[in-house]
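Per-entry structural report
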Amino acid sequence: MSAMLLSGLVAFPALLFVYYLYLQQRLSRRVAALRAINPTLTIKTAWYGGFGVIPGRFLGPIFRRLGFYFSEGWAFIRAYEPFADTEDDVFALVTPYTTHFHIANPVAVREITQRRPTFFPKPVEFYGVLRMYGENVVTTEHEDWKRLRRITAPQFSEKNNLHVQESTIVAMQQILSEWKSRENNKGEVATVDVAPLSVRLTLFVISDSAYGERLDLATNARITPPGFQMSLQQSLEIFATYLHFVLLSRKWMSMIPNEFVKSVVTAREEFGKHMRAVIERAKEARRNGMGVESKSRSTVLGSLVEAVEMEEEGKGMSESEMVSSAFVFLFAGHETTANTFSFALALLALYPEYQEKLYEETKLVTKGETPTYKNFPELRMALAIMHETLRIFPQLVVLPKSAYCGPEHTDTFQPILGKYKIPALDNPASPDLSRTYINLHIMGLHHNPRYWGDDAKAFRPERFLEMDSSATEDEGEEGKTLMRYAFAPFSVGTRACVGKKFAQVEFVCALAMIAQKYTWTVSNEMAPKEVRETPGVAAEVVQAAAKAELEKATFMPRRGVTLKPARSPLLTFRRRDA
């Protein structure tokens with residue numbers, strides 16, 4: 001037995017070493033094949049990689065602690081740094097099994113997303129988890145995507161944006177009323193947990209504006225309608241809190257004897273049922289002649305149903321595609337906006353001078369009244385704060401693409417910038433060139449000093465107010481155009497987010513309403529417990545410790561499907577007239 005154990009102890013390192021040599025051989029072949037067609041391309045290598053999301057979460061930090069440069073989270077942590085030694089903000093990262101072209105060059109981004117988008121589709125296989133109810137505008141490409149986009153995009157209309165503004169006002173009035181009831185004698189709301197606040201706000205707005213279902217923020221009502229196991233509000237709250245689990249859940253998991261797993265699976269199934277019910281009500285309203293006069297007409301899903309009903313047979317959307325689209329509205333319209341709002345409130349607590357700039361602008365524009373939709377274009381500082389927050393913390397760190405050489409294309413490569421050849425995803429010319437992907441490196445773009453200056457790492461919202469003047473005056477109209485491709489939190493080109501203004505209107509209105517009434521700072525509750533509970537510790541010490549924790553939670557965020565603060569910011573709000 002001891003001899004077998006000893007043999008195993010000797011054999012295991014030997015097998016690891018043999019596997020390492022095998023990986024190195026594959027890596028060398030892939031590098032040589034890529035160099036043969038791109039002699040001037042900057043090539044970087046990593047012999048590990050391709051672990052996948054779950055193993056990567058565990059193995060990635062180990063490699064990072066060992067000093068490996070391209071470890072888990074590197075795209076966010078390193079930002080523009082990997083591009084600093086390149087000639088044109090493009091490099092290829094080669095591993096034994098894949099090659100990734102990383103691009104932080106706005107000229108190349110424009111070429112890929114706007115001028116030749118059909119040749120550079122997204123690799124739809126990466127988006128399988130978003131097909132839980134069927135295909136949608138995010139999970140499709142080519143003709144299917146064109147059909148779904150043609151029907152979906154017009155539903156994000158000015159009428160719906162007005163609905164978004166009204167929904168945001170209703171939600172914020174409830175939230176501000178709740179805060180007022182919690183104020184102490186100094187006019188302070190001692191500790192506000194920002195992440196749940198952001199979730200409540202964005203769930204209310206997306207449910208009301210997209211689905212026509214108004215949640216009750218005050219009582220947190222969870223009345224289950226007949227024929228359902230869970231209310232829409234309950235299912236939305238589970239989606240918001242446990243999105244990763246929902247995405248990975250399957251119907252058969254309901255047999256697992258665990259209440260949490262069952263609640264997640266039930267939420268997934270019940271959301272689909274609720275959306276089918278909303279769709280059926282919209283169809284019934286149309287059949288009854290209510291149509292454009294009905295409440296559902298100004299909601300995204302209601303107007304989508306009407307648009308589909310008007311399509312010729314076979315050219316519209318199936319019910320599963322409509323339900324799947326409703327889910328994507330939730331994923332894109334709630335999750336990303338909630339995270340951005342949390343980051344923004346934290347940043348404004350760390351940089352309070354921008355609270356005052358925001359307040360002065362809001363007071364001037366609104367004359368002390370509740371912001372209206374007509375005020376939206378004038379609340380430029382509020383929008384600049386949103387954009388600067390997204391520049392530093394884009395919800396997607398990279399946008400994946402691939403080179404397409406389908407049946408109608410005979411080439412096995414697609415050129416970019418007039419000098420690089422990107423192999424097709426399934427390249428028939430060489431197995432060492434297959435599985436080549438393109439990553440539009442959003443963090444690299446957003447921190448590229450050629451476009452954002454030497455202070456690209458700093459939080460400076462006014463850079464967006466300067467963008468159309470001094471920031472690009474030396475480069476003329478072409479420079480101004482390229483700046484639009486150097487900022488891509490909503491994607492760019494033909495696949496830019498159709499709900500961009502939806503999110504902007506919600507964010508600007510909510511932030512302006514808070515700034516009208518309150519100032520805010522980091523709560524002492526953010527400080528470590530041992531600091532807060534140490535007898536005789538000075539208040540300044542506690543506040544400094546709390547600020548350090550907020551900075552850490554903000555600038556070292558949790559990286560999953562999207563970015564969010566590593567810890568929910570805890571802030572103290574003080575009424576301005578107190």
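Report follows, based on the coordinates. (Residues numbered from 1 in each chain as written. Predicted model: local features only at pLDDT ≥ 70, side-chain atom pairs only at ≥ 80, totals over all residues. Heavy atoms only, no water.)

**Points about the side chain of Thr 168**
Our working rule: Think of it this way: any DSSP run of H or I at least four residues long counts as a helix, any run of E at least two long counts as a strand, and we number them from the N terminus. Here a residue-residue contact requires only that any non-hydrogen atoms of the pair lie within 4.5 Å.
Relative to the elements of secondary structure, Thr 168 occurs in helix H6 (residues 158–182). For Thr 168, the residues in contact, after removing those within four places along its chain, are Leu 201, Val 205, Glu 506, Cys 509 and Ala 510.

**A closer look at unusual backbone geometry**
Using the following cut-off: Using a 1.4 Å probe on the protein chains alone, a residue whose accessible area is under 20% of its type maximum counts as buried, one over 50% counts as exposed, and one in between counts as partly exposed.
Its identity as a non-glycine residue notwithstanding, Arg 435 has a phi of 55°, on the positive side. With respect to the helices and strands, Arg 435 occurs in the loop between strand S7 (420–423) and strand S8 (436–441). Look at Arg 435 and you get partly exposed, because its relative accessible area is 41%. With a phi angle near 65°, Ser 491 is a residue other than glycine that sits in the positive phi range.

**So, the pairing of strand S3 (residues 99–103)**
Condition: A pair of strands counts as paired when DSSP detects no fewer than two bridges linking them.
Of all the 5 residues making up S3, 5 are buried; the element is thus mostly covered by neighbouring parts of the structure. Both strand S2 (residues 90–94) and S3 contribute to a ladder of 5 bridges, which runs antiparallel. Paired with Val 94 across the strands is Thr 99, a residue of S3. Between the end of S2 and the start of S3, which pair antiparallel, lie 4 residues. For S3 and S8, the ladder comprises 5 bridges, and the chain directions are parallel. Following the sheet pairing, Phe 101 is matched in S8 by Ile 438.

**With respect to the packing of aromatic side chains**
To describe a pair of aromatic rings, one takes the distance between the centres and the angle between the planes. Stated formally: Centres within 6.5 Å make a pair out of two Phe, Tyr or Trp rings, where for Trp the six-membered ring is used; the pair is then stacked when the planes are under 30 degrees apart, edge-to-face when over 60, and tilted otherwise. Cation placement over rings: the criterion is NZ of Lys or CZ of Arg within 6 Å of the ring centroid and within 35° of the ring normal.
Under the counting rule described, the total for this entry stands at 30 aromatic pairs. Plain terms: the ring middles of Phe 156 and Phe 502 are 6.3 Å apart, the flat faces sit at 70° to each other, and that makes the pair edge-to-face. Note that Phe 156 is positioned in the loop between helix H5 (142–152) and H6 and Phe 502 in helix H19 (residues 500–517), a separation of 346 residues in sequence. The two residues Phe 156 and Phe 502 agree in class, both being buried. Geometrically, the ring pair formed by Tyr 373 and Phe 376 is stacked, given 6.5 Å between the ring centres and 15° between the ring planes. Residue Phe 376 is classed as buried on the basis of its relative accessible area of 12%. Sitting over the ring of Trp 452, Arg 391 keeps its end group 5.5 Å from the ring centre.

**Considering the pattern of salt bridges**
Note the following rule: Any Lys or Arg side-chain nitrogen located within 4 Å of an Asp or Glu carboxyl oxygen qualifies as a salt bridge.
Applying the stated criterion across every chain, the model contains 29 salt bridges. With a closest N to O distance of 3.5 Å, Glu 143 and Lys 146 form a salt bridge. Of the two residues, Glu 143 and Lys 146 are both situated in helix H5; the distance of 3 residues between them amounts to about one turn of the helix. A relative accessible area of 56% means that Glu 143 is categorised as exposed. We note a salt bridge from Glu 388 to Arg 391, for which the minimum N-O separation is 2.8 Å.

**Brief notes about the packing of helix H7 (residues 194–211) against helix H8 (residues 232–241)**
When two helices pack together, you describe them by how their axes are tilted relative to each other and by the distance separating the axes. Counted only if it meets this: To define axes, lines are fitted to C-alpha atoms, for helices over the stretch in contact only, and angles between the resulting N-to-C directions are given on a 0 to 180 degree scale. Should an angle fall under 35 degrees it is called roughly parallel, over 145 degrees roughly antiparallel, and 65 to 115 degrees roughly perpendicular, with every other angle called oblique. Here a crossing is called left-handed whenever its near helix is offset anticlockwise from the far helix by less than a right angle, and right-handed whenever the offset is clockwise. As a working rule, the residues Ala, Val, Leu, Ile, Met, Phe, Trp, Tyr, Cys and Pro are called nonpolar, Asp, Glu, Lys and Arg charged, and the rest polar, with Gly in that last group.
At a minimum axis distance of 11 Å, the contact between H7 and H8 shows a crossing angle of 125°. Classified by the angle their axes make, H7 and H8 are oblique. Handedness of the crossing formed by H7 with H8: right-handed. Every residue of H8 that contacts H7 at Val 199, Leu 203, Ser 207 and Tyr 211 is listed here: Leu 232, Leu 236, Glu 237 and Ala 240. Residue classes in the contact of H7 with H8 are distributed as 6 nonpolar, 1 polar and 1 charged.

**Some words on the sheet that holds strand S9 (residues 518–522)**
The 3 strands are arranged S4-S12-S9 in an open sheet whose pairing can be described as antiparallel. Each edge of the open sheet is held by one strand with a lone partner, namely strand S4 (188–193) and S9. The average undirected angle you get between the axes of adjacent strands in this sheet is 30°. The strands touched by H6 within the sheet are S4, S9 and strand S12 (570–575), with S4 carrying the most contacts at an inclination of about 125°. Strands S4 and S12 of the sheet are contacted by H7, whose axis makes an angle of about 80° with S4.

**Observations concerning the sheet that holds S8**
Ordered by their spatial adjacency, 5 strands build an open sheet running S1-S2-S3-S8-S5, and the pairing between neighbours is mixed. Two strands lie at the open edges of the sheet, namely strand S1 (42–45) and strand S5 (398–401), each paired on one side alone. Pairs of neighbouring strands in the sheet enclose a mean axial angle of 25°, with direction left out of account. Here 4 bridges tie S1 to S2, and the two strands are oriented parallel to one another. Within the sheet, the bridge partner assigned to Lys 44 lies in S2 and is Leu 93. Helix H4 (residues 106–115) contacts S3, S5 and S8 of the sheet and is inclined by roughly 120° relative to S8.

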